[in-house]
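# Residue-level structure breakdown
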Amino acid sequence: MKEKKAFPVPWLMVSLSMLIIGAGIAGGFLIQSLLPSYKNTIITVTDVPEIKQMLYVEDTEELVIFPWDQYNPKAYLSLEEYFKQVYFLSSKENSSSLSSDSSLTEKEKILFEDFKKEINEEIYVRSRIDSLDQELDFSQALKIDRNSNRFYLKDFSYVSSTKTPYVLDLVWDRNGKNVYLHTARQSEELMLPSTLESAYETLDEMFESANKFLNYGELDTSHNSNPLLHWYWEVFDNGYWGFWREDLLYWLADKKHCERIVYRDEILLVYDLEGSKRIVLFYDPFLQHMNGYSLNV
């Protein structure tokens, strides 16, 4: 029986291969370290012409829009705590009967339920949502900043009368004004380049239509046909904003004042006003209407 020959191991070739692989890995890390990082930044889309140079933010990033940059839920009160510390104790006759850390008596629970009902009704009016369940209880999702007397409703899920899931975020302040409202439709529709191109053209038409109305009194049918005008009259035509509100409408209707940002299947229209003031409008490109706003005015 012949013995099998032992072939010599090509150590030189193995060593060279290991050096090449190692150099490749090291080079990869080196290149990665030299490339700019775009984390937490807004990136301009320059290589997709149909998106018309709109900006976008990756879905994984978190945009913090006013007033959520001031949100500190651990320091805020729940609705029941607010009821005990502010609403109920504001009456002198009740101030000695209830401490902020005590449980509610049966009579006080009835008063709290009435108060909670008032708040729920107020949220319906402020948000103008059309829910399948007409007896939604927002109280567990509410946080109140006692110092500013600002009410925060965050990430409240509900189903509309058309059986569409939504997430509602709402903030109003001590003056009774909404400073933030957003009803985000939860959909599996994909934001395709064709969707963005169509939305961009629709927004251009919206600006053109608004300017025709403001400068010449021309509008296709009524202000309801224009998402910007419809939103403005719905939110601002309430006497809170004083004499300068007409100037603001002219500013909003001028598209050169507006930065368009694509974020999580919506388009944000961002307007920088004087100083640090800013207005952000949320636009649903699928339903072609404004579905929210942030008012730092």
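Residues numbered from 1 in each chain as written. Predicted model: local features only at pLDDT ≥ 70, side-chain atom pairs only at ≥ 80, totals over all residues. Heavy atoms only, no water.

Along its length, the chain carries seven helices and ten strands. A total of 297 residues make up the chain; the buried ones form 38% of that total. Pairs at least 24 apart in sequence give 49% of the contacts found in the chain among residues at least 6 apart. In the structure as shown, the chain presents an accessible area of about 18600 Å², 53% of it carried by carbon and sulfur atoms. (Helix = DSSP H or I, 4+ residues; strand = E, 2+ residues; numbered from the N terminus. Buried < 20%, exposed > 50% of the residue type's maximum accessible area, 1.4 Å probe, protein only. Contact = heavy atoms within 4.5 Å. Areas by Shrake-Rupley, 256 points an atom, 1.4 Å probe, with all protein chains shown as cover.)

So, on to the side chain of D173. Mapped onto the elements, D173 comes out in the loop between β5 (165-172) and β6 (178-185). If we skip the residues at most four places from it in the chain, D173 touches N149, R150 and V179.

Turning our attention to the nonpolar core. Grouped together as the largest cluster of nonpolar side chains are 54 residues, with contacts concentrated most on L228, W231 and I279. Top element by residues in this core is helix α5 (residues 193-216). It accounts for seven residues. Residues in contact with I279, not counting those within four places in the same chain, are W231, F236, L248, L252, L269, V270, Y271, L273, S294, L295 and V297. Counting 14 residues, the second largest nonpolar core, distinct from the first, contains V179, Y180, I261 and V270. (Core = buried A, V, L, I, M, F, W, Y, C linked by side-chain atoms within 4.5 Å.)

The terminal C-alpha atoms of helix α4 (residues 106-127) lie 31 Å apart, and with 22 residues this matches the ideal 32 Å at 1.5 Å per residue to within 8%. Of the residues flanking the end of α4, it is R128, one or two places downstream, whose phi is positive at about 55°. (Expected span 1.5 Å × (residues − 1).)

With that settled, consider unusual backbone geometry. Peptide bonds are trans in most cases, and residues, glycine excluded, mostly fall at negative phi. Following F66, the chain continues into P67 via a peptide bond in cis, with omega recorded as 5°. Tracing the backbone through its elements, the reader meets P67 in the loop between β2 (55-57) and α2 (79-87). The residue K163 is not glycine, and still its phi comes out positive at about 65°. When you line up the elements, K163 lands in the loop between β4 (150-159) and β5. A positive phi angle, close to 50°, is found at R264, a residue other than glycine. Here R264 shows up in the loop between β7 (258-263) and β8 (266-272).

Turning to the pattern of salt bridges, a few remarks are in order. Applying the stated criterion to the full structure yields 13 salt bridges. In this structure, K116 and D137 form a salt bridge, with 3.8 Å as the shortest nitrogen-oxygen distance. Of the two residues, K116 sits in helix α4 while D137 sits in the loop between α4 and β3 (142-145), which places them 21 residues apart along the sequence. Take K116: its relative accessible area is 14%, and that puts it in the buried class. For D137, a relative accessible area of 35% gives the class partly exposed. For D284, the salt bridge is made with R185, and the minimal N-O distance between the two is 3.1 Å. Separated by 99 residues along the polypeptide, D284 in strand β9 (residues 278-284) and R185 in strand β6 bring together distant segments of the chain. (Salt bridge = Lys/Arg side-chain N within 4 Å of Asp/Glu carboxyl O.)

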